[in-house]
Amino acid sequence: MTGWFPVARSADVGTTPVPVGAAGRAYVVVRLRPGGEVSAFPSRCPHRLVPLAAASVVDGRLRCPAHGWRFDGEGRCVEIPSLGEHGAPPPRADLPVPWAVEERHGWVWLAPDRTRVPLPPHPSGTPVAGAAPPPPPPTGTAFDNLDPALEHAWHPVALSRELRPGGWLQVRLLGRNWLLRRDGRDAGGAVSTDPPAFGVREWLGVLWLAPAEPADVALEVPEARDRRFVTGWMEPVRSPGPAGPLADTFLDATHGPFVHAGTIGAPDRAEMPAPDVVEEPGGFSSVQEQWCDNPVDPEVATGERPLRQRRRTTYTYRAPFQLRLRQEFLDSGATTTLVYLLQPEDLDSTRIYVCVLLSSGPGQPLHTPAEVAAQVALQKQILEEDVRSQAALALPGLPLDPRDEVHLPADRRGVALRQALCDFAVVGRRREDAA
């Protein structure tokens, strides 16, 4: 379908992107300067497919909210913060804008494709804009919360304290209801499931369920056995989306300056070199240093240390959805380890468990309960920022086809995650075929 399409009243378009539709395609229209001409862009950023309806206008450019990519009125990507001041955006980073945008007769009109009609026709009546379609899903395969390979993994389904002795608990996993029962009168009583599962276990204060014979490799958390660490648990949080993009976010260092600008992000330190990634059984590990704010450091409040600090993070990932982030603060010697465990409930629901393990450093006293509570509260704020970002993402799963996204050197962990899930899916299919 070619031609001109009325998409919005001119008076309704300002410097906040407005989702619109033309010829069945999703766009956003926006003025890159107050009172300036209208520009139109496709509805998703090419990097991680973030909807640009949540973008902002900064210095006459459209800026993606997740990673700070900036686009001019012609759709050219003019800045990628992770590449640094002198980094050159790749050609695929540009946005394929519609053929033409015009303001006529009090309306904004789009011509998605070349048309022989040079200008929008004078309407015989009041134009009617079609409804804005949702941002399009990836064109290739996406790993979602109901992938058959997930039957062959251990999944967190509840904190141990949520299932009381002699009690029962209904949980949701892989699109099905499961009833957990704990026998006896103490917290260590055996746990059974209905329907029956391959197995149930308890580890790290969490109940785990494997629907079928598992093919995954367990995540090691040495801090859980280290007496220098104090443990705090966040109350489980539910995210309205699949687990794969969440895991991608937890492994991504380049979103912090933007998604977490209100808590720990350092937007003036957004450049990110390519990390090394070491393949390991069941997943991989990676070490990277970056700048961040550390508002819960007690010596920040006294002025003995600056808020902006250097942090070395060791990322450890095990397929499908187990992650450990060991954050070493190089100025203070303190360490914060975060364990993220994701429960794929349904296509549009993931339950998140976060364990916070804290050490003040060699020769320092253990964290007090108040300090643990402050650390857990900060991590809750950070997670809430991630969940809001995921809710806006509106993806059916993690895209696995490299052509669906634009990957940069700083995205090596994200690329490794996609490869690990592809490998895990292959192993799961083999288990299914052998069953």
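Note on numbering: residues in each chain are counted from 1, in written sequence order. With the structure being a predicted model, the display of local features is reserved for residues of pLDDT at least 70 and the display and counting of side-chain atom pairs for 80 or more, all residues being used for whole-chain, interface and lining totals. By convention in this description, side-chain values take in all heavy atoms of the structure and omit both hydrogens and water.

**Student:** Can you lay out the packing of aromatic side chains for me, pointing to particular residues and giving the numbers?
**Tutor:** The criterion for an aromatic pair is that two Phe, Tyr or Trp rings (for Trp, the six-membered ring) have centres within 6.5 Å, with stacked assigned to planes under 30 degrees apart, edge-to-face to planes over 60 apart and tilted to the rest. All told, the structure shown has 4 aromatic pairs when counted by the stated rule. Each ring, one from Trp203 and one from Trp208, has its centre 5.7 Å from the other, and the planes form 45 degrees; the classification is tilted. With relative accessibility at 0%, the residue Trp208 sits in the buried group. Centroid distance Phe284 to Tyr317: 5.1 Å. Interplanar angle 35 degrees. Geometry classified as tilted. Placement of the pair is Phe284 in strand β21 (residues 283–293) and Tyr317 in strand β22 (residues 308–318), with a sequence separation of 33 residues. For each residue, the accessible area found with a 1.4 Å probe, counting protein chains only, is set against the maximum for its type, and the residue is called buried under 20%, exposed over 50%, and partly exposed in between. The way it works is that DSSP assigns letters per residue, a run of H or I at least four long becomes a helix, a run of E at least two long becomes a strand, and they are numbered from the N terminus.

**Student:** Mind laying out the packing of helix α1 (residues 243–251) against helix α4 (residues 369–393), listing which residues take part and the relevant values?
**Tutor:** With their axes 10 Å apart at the nearest point, α1 and α4 run at an angle of 135 degrees to one another. In terms of orientation, α1 and α4 fall into the oblique class. Relative to α4, the crossing made by α1 is right-handed. On α4, the residues touching Pro245, Leu246, Thr249 and Phe250 of α1 are Leu383, Asp386, Gln390 and Leu393. Under the scheme applied here, ten amino acids are nonpolar (Ala, Val, Leu, Ile, Met, Phe, Trp, Tyr, Cys and Pro), four are charged (Asp, Glu, Lys and Arg), and all others, including Gly, are polar. For the contact of α1 with α4, the residue count by class is 5 nonpolar, 2 polar and 1 charged. Lines fitted to C-alpha atoms define the axes, with helix axes restricted to the stretch in contact, and inter-axis angles between N-to-C directions lie between 0 and 180 degrees. With respect to orientation, any angle under 35 degrees is reported as roughly parallel, any angle over 145 as roughly antiparallel, any angle of 65 to 115 as roughly perpendicular, and every other angle as oblique. Here a crossing is taken to be left-handed if its near helix is turned anticlockwise relative to the far helix by less than a right angle, and right-handed if that turn runs clockwise. Contacts are assigned to residue pairs with any non-hydrogen atoms lying within 4.5 Å of each other.

**Student:** Run through α4, naming residues and quoting values.
**Tutor:** In this analysis, the expected span of each helix is defined as 1.5 Å times one less than the number of residues it contains. Look at α4: 36 Å from first C-alpha to last across 25 residues, which is about the 36 Å you get at 1.5 Å a residue. Within α4, burial applies to Val372, Gln375, Val376, Leu378, Gln379, Ile382, Leu383, Glu385, Asp386, Val387, Gln390 and Leu393. Lining the buried residues of α4 we find β18 (230–233), β19 (237–239), α1, α2 (256–259), β24 (335–346) and β25 (349–359). Looking at the residues trailing α4, positive phi occurs at Ala394, about 55 degrees.

**Student:** Break down the sheet that holds strand β8 (residues 77–79) for me, with residues and values.
**Tutor:** Adjacent strands of a sheet form backbone hydrogen bonds with each other and so pair up, either parallel or antiparallel. A pair of strands is considered paired only if DSSP assigns at least 2 bridges between the two. Pairing is antiparallel across the open sheet formed by 4 strands, whose spatial order is β5-β6-β7-β8. Since the sheet does not close on itself, it has two edges, and those belong to β5 (56–58) and β8, each with one partner. Summarising the sheet, strand β7 (residues 70–71) and β8 pair through 2 bridges and their orientation is antiparallel. Residue Arg70 lies in a different strand from β8, and its bridge partner there is Glu79.

**Student:** For α1, give the residues involved together with the corresponding values.
**Tutor:** Counting buried positions along α1 yields 9 of 9 residues, so the element is predominantly enclosed. Residues of α1 that are buried: Ala243, Gly244, Pro245, Leu246, Ala247, Asp248, Thr249, Phe250 and Leu251.

**Student:** Lay out the sheet that holds strand β15 (residues 191–194) with the relevant residues and their values.
**Tutor:** Read from one edge of the open sheet, 3 strands run β13-β14-β15, paired in antiparallel fashion. Each edge of the open sheet carries a strand with a single partner, namely β13 (168–173) and β15. This sheet shows a mean twist of 30 degrees between the axes of neighbouring strands, independent of strand direction. Both β13 and strand β14 (residues 176–182) contribute to a ladder of 6 bridges, which runs antiparallel. Pairing of Leu169 across the sheet is with Leu180, part of β14.

**Student:** Talk me through the pairing of β24; I want residue IDs and the actual numbers.
**Tutor:** Within β24, 12 of the 12 residues are buried, which leaves the element mostly enclosed by the surrounding structure. Relative to β24, strand β23 (residues 322–329) runs antiparallel, the two sharing 7 bridges. Looking across to β24, one finds that Glu328 is bridged to Thr335. Bridge count for β24 against β25 is 11 bridges, and the pairing is antiparallel. Following the sheet pairing, Leu338 is matched in β25 by Val356. A loop of 2 residues connects β24 with β25, the two strands running antiparallel in sequence.

Remember that the coordinates give geometry; whether it matters functionally is a separate question.
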